[in-house]
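Reading the structure
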Amino acid sequence: MAVVLSTLLLLIFSRLFIGTFSLGVGINYGQIANNLPSPSRVSILLGSLNISRVKLYDADPNVLTAFANTNVEFIIGLGNEYLQKMQDPQQAQIWIQQKVQPHISQTRITCITVGNEVLGGQDPQLPQYLVPAMKSMHQALVNLGLNSQVYVTTAHSLQILKTSFPPSNGAFRDDLIQYIQQILSFHAMSSSPFLINAYPYFAYKNDPKNVQIEYLLFEPNSGTVDPNTNLKYDNMLYAQIDAVYSGIKALGHSDIQVRISETGWPSKGDVDEPGATVENAGIYNRNLLQRMQDGQGTPAHPSQRIDIYVFALFNENMKPGATSERNYGLYYPDGTPVYNLGVQGYLPRIDYSSSGKNALCIFRVLVLIIGSLLFA
């Protein structure tokens, strides 16, 4: 045991003291790949980065078990393929009993996202199932006495917007308002946030000749001014957030928080994906992290600290679609950073099996103690 402790201390001090600040954001932990490290190794990586909020796209029991007693806060996901089934309150309760209850005493599960980018997506049948499924999941949590610990929401793409600029004129698509109004009423009733997946990169990809890339990357630029409010925006992400707030307000709600469930920048792309480079991805995420460290709000909501989950932790080699889809990760699967973020994480080479739980627990404690000293 003394050898284990000495080794762990050496690893922690040699790796962790390179870091200068923690990542003051949540992280999306996608797993559409066949070469990712085990969840137990990932738990050490995230501990070394002082990341305490993770978003999954499912309720993988291997991940939830690996993060037991780490105090990491989890958003878990219910896939789009389950929406129709989860309209049935009994099915929703069974899902929570199977996916949430076995873990929640040791792993901090705080949110369930019911579907992802359902509105404006590829399947025109799914929207009709979304709100009933959300209500069934919430009621199941109430029935099981978990609604004070776990809230229910869903994540939207910006395809739900009809108008995004100027931000004060932000409005939702007419064909989606019937669903969005119900969703907003649900959020108001359950005190849950409205989640959006926002990618300024797409604006550059679609129109690189006319979109100023510095405005997207949080780099110095002339910015834009909302003519209705005279508020100046020096980056597109904040303008997108305020456009969503305006759309919500136009439907009669002013008490619902907007959070960013995904944002990021690809480090590699196809020939028709301009701007997808390691350099730009590094600039976007470094500047984003610095602004989150500063606790910024948007121009229209300066006192509301922006809440963001970065996409994504790893490059995922089995994601379909364009090359960029497989290259949003902050890390390669071997734990090597794709670019410098200003903080050094550590992915152990050893996979911790059940026989190594004592060493793993000691390692986590040391990471937390030293991390708290470094990042205080």
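What counts, and at which threshold
Residues numbered from 1 in each chain as written. Predicted model: local features only at pLDDT ≥ 70, side-chain atom pairs only at ≥ 80, totals over all residues. Heavy atoms only, no water. Helix = DSSP H or I, 4+ residues; strand = E, 2+ residues; numbered from the N terminus. Contact = heavy atoms within 4.5 Å. Axes fitted to C-alpha atoms, helices over the stretch in contact; angles between N-to-C directions. Parallel < 35°, antiparallel > 145°, perpendicular 65-115°, else oblique. Left-handed = near helix turned anticlockwise from the far one by under 90°. Buried < 20%, exposed > 50% of the residue type's maximum accessible area, 1.4 Å probe, protein only. Phe/Tyr/Trp six-rings, centres within 6.5 Å; stacked < 30°, edge-to-face > 60°. Lys NZ or Arg CZ within 6 Å of the ring centre and 35° of its normal. pLDDT = per-residue confidence, 0-100. Expected span 1.5 Å × (residues − 1). Polar contact = N/O pair within 3.5 Å; in protein donor to acceptor, adjacent residues only side chain to side chain. Lys, Arg positive; Asp, Glu negative; His and termini not counted. Salt bridge = Lys/Arg side-chain N within 4 Å of Asp/Glu carboxyl O. Pairing = 2+ DSSP bridges. Right-handed = clockwise from strand over helix to strand, strands pointing away.

1. Examining the environment of Gly26
Summarising the element assignment, Gly26 is placed in strand E1 (residues 26-28). Here the alpha-carbon distance between Gly26 and Val54, two residues 28 residues apart in the chain, equals 5.6 Å. Look past the residues within four positions of Gly26 in its chain and what remains in contact with it is Arg53, Ile308, Tyr309 and Val310.

2. A few points about the environment of Asp242
Topologically, Asp242 is positioned in helix H9 (residues 236-250). Each C-alpha atom of the pair Asp242 and Gly170 lies 7.6 Å from the other, and the pair is 72 residues apart in sequence. Setting aside its immediate chain neighbours within four residues, Asp242 contacts Pro167, Tyr233, Thr298, Pro299, Ala300 and His301.

3. Considerations on the packing of helix H4 (residues 89-99) against helix H5 (residues 127-143)
Where H4 meets H5, the axes come as close as 8 Å, and the angle between the chain directions of the two elements is 60°. The orientation of H4 with respect to H5, classified from their angle, is oblique. Seen along the crossing, H4 lies across H5 with a hand that is right-handed. Where H4 abuts H5, its residues Pro89, Ala92, Gln93, Trp95 and Ile96 lie against Ser136, Met137, Ala140, Leu141 and Asn143.

4. Section: the environment of Leu46
With respect to the secondary-structure elements, Leu46 resides in helix H2 (residues 39-48). A residue is classified by how much of its surface remains accessible, and Leu46, at 0% relative accessible area, is buried. Along the chain, Leu46 and Val72 lie 26 residues apart, while their C-alpha atoms are 9.1 Å from each other. With residues near it in sequence (within four places) discarded, Leu46 still touches Ile27, Ile51, Val54, Phe67 and Leu313.

5. Let's talk about the packing of aromatic side chains
Going through the model one piece at a time under the given rule, you end up with 13 aromatic pairs. Plain terms: the ring middles of Tyr199 and Phe202 are 5.3 Å apart, the flat faces sit at 40° to each other, and that makes the pair tilted. Taking the centre distance of 5.2 Å and the plane angle of 45° together, the rings of Phe218 and Tyr284 count as tilted. Of this pair, Phe218 sits in the loop between helix H8 (213-216) and strand E9 (224-225) while Tyr284 sits in helix H10 (residues 278-293), placing them 66 residues apart in sequence. Each member of the pair, Phe218 as well as Tyr284, carries the same accessibility label: buried. Members of the aromatic cluster, joined through ring pairs, are Tyr57, Tyr199, Tyr201, Phe202, Phe218, Tyr238, Trp265, Tyr284, Phe311 and Tyr328. Above the plane of the ring of Tyr309 lies Arg53, whose end atom (NZ or CZ) is 4.8 Å from the centre.

6. Here's the deal with the confidence of the model for the protein
Put simply, the protein has an average pLDDT of 90, and 87% of its residues get 70 or more. Low pLDDT, under 50, characterises residues 1-21; the stretch is placed with 39 contacts to residues that sit more than four places away or in other chains.

7. Examining H9
Taking 1.5 Å as the rise per residue, H9 with 15 residues should run 21 Å; its terminal C-alpha atoms sit 21 Å apart, in good agreement. With 13 of 15 residues buried, H9 lies mostly within the body of the structure. The N-capping residue of H9, defined by a side-chain oxygen 3.2 Å from the backbone nitrogen of Leu237, is Asn235. Once H9 finishes, Gly252 follows within two positions and takes phi at roughly 95°, a positive value.

8. Re the side chain of Glu316
For Glu316, the position within the fold is in the loop between strand E12 (308-310) and helix H11 (357-374). Despite its burial, Glu316 remains without a salt bridge, the nearest opposite charge being carried by Lys319 at 4.6 Å. Only 3.1 Å separates the side chain of Glu316 from the backbone nitrogen of Gln31, close enough to count as a polar contact. A distance of 2.8 Å separates a polar atom in the side chain of Glu316 from the backbone nitrogen of Ile32. Each residue touching Glu316, except ones within four places of it in the same chain, is listed here: Gly30, Gln31, Ile32, Ala33, Phe311 and Arg326.

9. So, the pairing of strand E11 (residues 258-263)
Of all six residues in E11, five are buried; the element is thus mostly enclosed. Across four bridges, the pairing between strand E8 (residues 194-197) and E11 is parallel. When the sheet's bridge partners are listed, Leu195 is paired in E11 with Arg259. With two bridges connecting them, E11 and E12 associate as parallel partners. Within E12, the position partnered with Ile260 by the bridge is Ile308. Each parallel crossover has a hand, and for E11 linked through H10 to E12 it is right-handed.

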